[in-house]
Amino acid sequence: MQGDLADVIGTDKDISEYNATKDIPDFQKNIAPLLTKKALNGGGSCVSCHNATDKLNLSNMTGISVMNATFRNFVLGAHKMPDSEEVLPYNYSSINPMGMDDQYHPAPFLWSLLLNDDLTVPEDENHSNSSSRDLDRDNDYGAKYSENVISEINRINGIYDHSKHWSLEDTQAIITYGSTRLAAGLSDRITFVPNSLSTSTPQAQKAYQALVKNCYSCHNNHTVGGMNDNEFEDVKPKEKRFNDNVFLRDTQTRFVIHHHLANKGDTNYSKNLNQSDIRVSMSRTLGSALHRVDFNDINNSELLVYARGYYIESNGDHTPLKSTVKAHSGYGMDEGSDAYNAVSNWLNGIAMVNNAPSIEQPTTAITFKEYDEPTYLPNDIRWSDPDNELSQAFISSSGTTEHSFNDSMLSLEYTSFTSAKLQTYAILGDRGDQNFTFTVSDGLSTGSTQTIPVTVTSDYVIPEPNATLPPAYLYFTDRNTSMLKKLDTNGSVIDIGVIDGFNKDWTTMYRRADKGWLYFVNQEEQKIYVVEENSSNVLFNITLNHEPNKETTTHKQTLYLIWWRPAEGNITDPNYKAGELQGLLESKFSKTKDGDWYVSLGSGEQEETVVPEWRTKLQDGANTLAVYVWKRATFMSKWVNEGIDRMSVLNLVTGKAKGLSDFSFPAKTVNGVDYNASDYNNVRAIVVAEDGAFYGFNKDLNKTVETFNFDPIEQIQKKVSVPTWLQEYINNYQNYATPFLVIEPKK
């Protein structure tokens, strides 16, 4: 397209022929000043009406980011049509006159209002109102004709004629900016000097506590009864709307108290700090509040105007909010109240005093064992706050997504807002003596700390590495013939039989030894096929139903890895645990559950439809290649970076993984035996034998395939002589699918 939109209005030039990137107005420099410019007909400016008293506040020219309050209201603010659910934006992303995506959007409502024209040409027998039609008629700018637009323009301009508000040049600047915003983007065009207001001062902490106490019931981001609720009716503004529901839930667009509880109405914190962390809640809540601050007129900031129910004019007069804006007076934030004063003091930089909470001595020295059942210690931890405010006890942690000796091994199960039970849990490699430190915080101040000595014992004995591979066999499927095969230690290849219905979408497989079953996953279908390993018969299917766990219409859930958790103990034992089919599930396009999740898939013993039971979110589950289990331990083989792989042991209680081996072994002497140094790249498979011996398989393209037996705790290894049959399989792996290698215990 050609041209630059200059003087389009009132001429015979065609808006569809211009260069969108030649002259793009800057919002802060060229557009914002127009909002305070007096009207041509002698009337007031835009902000004379559209200030903090109105549903469309264009008065705040300041803010903490380029996406300041006025910009968001100008661009995203919208009007809900009377007696209709149709939302007409004041400024759409663009009318898209270039047809970038072959979709010509309806004219932005604000343009139509200023021009007193909806920029449409009615369809005729040769021109439909298709969004991808050719713009070959005069005055047709790709806008879809709407009777609602015209009736609403007439209604509003009957109250005040906005088409007489600005000059043609001013209006042209608005149209030029709006029509090029999508094409050019914002980051390189907006010049903006952000303001700052500390969120880590005593007055900030008092403001947070006041907001939680008085605003949390409505302004929260919970999925039930909050901003992230799919229904979302109770907390919608009275008439203010946005051109996309996403912005109704955005913490820059709407004010929210970031959750400090798992569920609205809970009377105790959640042990999951992703759901309950008063420190995070305070930081994010005050960050959201800062978008409601007018740094040029602090006392007329939305936070204070809505709380007291009126706007203070320059002459001191009080102007009540319009009926379309909800006044929050009467909700505990009335002017003069302690809560109002706390927020006002924060905004105006008036210092306040905060007293730190304190924690009682929680318990004495602790001793427990790797993989002991999570156990509550007899003494509860209790704490108090001298200001009678929310405070929360924490176990000092490494602050990483990896399993560490601290918070990954102990957890606080909160029983109230001032007490918690202490639960112990350790995984493979946690053995040894350490210390735990406890603190308590009111969001800002950390109170007294307590340190407790902890000893973790272990009965997990890993066999010493050996250069000889014990008896082993491999199940795999020939991609070309669907034949299930078994490779044995002696090199023999057994054709077990053709698997009925097998195809390339059967991506992974896990063996259940006690039944002699193979569980295959079809990711595309989200089905698990159970095959008898000695006959290739498909015994039954397990269908996964993700609908009950679906949060949004676009929420995608994909099970991609499975494993069999063997039963523990004898069936007559009181502590017997039945076996279970488990897996990893990837969740996308969810409001609160994106990521990789450890899930239960039931008994895995019959034809059924299973709703995966979501248990723990993996803090770092990406790039997982395979999972193996041994006793109560769960191991994850993971691709890390540039051919470097890692074996981690998973803590399925916390969702954190501990890296046990990066397959870079130093020279070391253990129990009088010398072990050589060796590095292995592209270790794309591990096998844990029944006796706990670890084997890695290295597929470095620059080397012959190597197999090694290693101890991930001691960090020692020995290369293992690779049988010919295994070497041949690895060399031709492209033709095979879903391998599962079984290595017998050492004799």
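Look up a bit, the structure's there.
Residues numbered from 1 in each chain as written. Predicted model: local features only at pLDDT ≥ 70, side-chain atom pairs only at ≥ 80, totals over all residues. Heavy atoms only, no water.

Caption draft 1: Main features of the overall build of the protein. A count of helices and strands for the protein gives twelve helices and 39 strands. Each of the 747 residues in the protein was classed as buried or not, and the buried ones make up 52%. A separation of at least 24 residues holds for 60% of the contacts in the protein among residues at least 6 apart in sequence. Just so you have it, the protein exposes about 33,500 Å², and 46% of that area is on carbon and sulfur atoms. (Helix = DSSP H or I, 4+ residues; strand = E, 2+ residues; numbered from the N terminus. Buried < 20%, exposed > 50% of the residue type's maximum accessible area, 1.4 Å probe, protein only. Contact = heavy atoms within 4.5 Å. Areas by Shrake-Rupley, 256 points an atom, 1.4 Å probe, with all protein chains shown as cover.)

Caption draft 2: Highlighting the packing of aromatic side chains. This structure, assessed with the given rule, holds 31 aromatic pairs. Ring geometry for Tyr371 versus Tyr425: centroids 6.3 Å apart, planes at 90 degrees, classification edge-to-face. Residue Tyr371 is located in the loop between strand 7 (366–369) and strand 8 (375–376), and its partner Tyr425 is located in the loop between strand 12 (419–424) and strand 13 (432–441); the two are separated by 54 residues in the primary sequence. Among the residues examined, Tyr371 registers a relative accessible area of 4% and is labelled buried. Note on Phe665 and Phe708: the rings are 6.0 Å apart at their centroids and 65 degrees apart in plane angle, and the pair reads as edge-to-face. Here Phe665, found in strand 31 (residues 664–665), pairs with Phe708, found in strand 37 (residues 706–711); they are 43 residues apart in sequence, far enough to count as distant. (Phe/Tyr/Trp six-rings, centres within 6.5 Å; stacked < 30°, edge-to-face > 60°.)

Caption draft 3: Broad picture of the sheet that holds strand 26 (residues 613–618). Spatially, 22-23-24-26 is the arrangement adopted by the four strands of the open sheet, whose pairing is antiparallel. Strands at the two margins of the open sheet, each flanked by one partner only, are strand 22 (556–565) and strand 26. The average angle at which neighbouring strand axes cross in this sheet is 30 degrees, direction not considered. Two elements, strand 22 and strand 23 (residues 580–588), share nine bridges in a ladder whose sense is antiparallel. Among the inter-strand pairings, Gln557 is bridged to a residue of strand 23, identified as Ser587. (Pairing = 2+ DSSP bridges. Axes fitted to C-alpha atoms, helices over the stretch in contact; angles between N-to-C directions.)

Caption draft 4: Inspection of the nonpolar core at higher detail. Counting residues in hydrophobic clusters, the biggest one holds 87 residues, and the most contacted among them are Phe520, Ile528, Phe635, Phe663 and Ile743. Sequence-distant contacts of Phe663, that is, excluding residues within four places in its chain, are made with Asp645, Arg646, Met647, Ser678, Asp679, Tyr680, Val683, Ile686, Phe708 and Phe710. Core analysis: the second largest hydrophobic core is formed by 53 residues, Phe295, Ala307, Ala339 and Leu422 among them. (Core = buried A, V, L, I, M, F, W, Y, C linked by side-chain atoms within 4.5 Å.)

Caption draft 5: Structural view of helix 11 (residues 338–348). Extensive coverage of helix 11 is indicated by the burial of eight of its eleven residues. Within helix 11, burial applies to Ala339, Tyr340, Ala342, Val343, Ser344, Asn345, Trp346 and Leu347. Considering only its buried residues, helix 11 is in contact with helix 7 (202–215), helix 9 (278–290) and helix 10 (302–308).

Caption draft 6: Broad picture of the environment of Thr418. With respect to the secondary-structure elements, Thr418 resides in the loop between strand 11 (410–414) and strand 12. Owing to a relative accessible area of 39%, Thr418 belongs among the partly exposed residues under this scheme. Separated by 59 residues in the primary sequence, Thr418 and Ile359 have C-alpha atoms spaced 9.3 Å apart.

Caption draft 7: Geometry of helix 12 (residues 724–731). Buried within helix 12 we find Trp725, Leu726, Gln727, Tyr729 and Ile730. Those residues of helix 12 hidden inside the fold are in contact with strand 15 (472–478), strand 16 (483–488), strand 36 (694–698), strand 37 and strand 39 (736–743).

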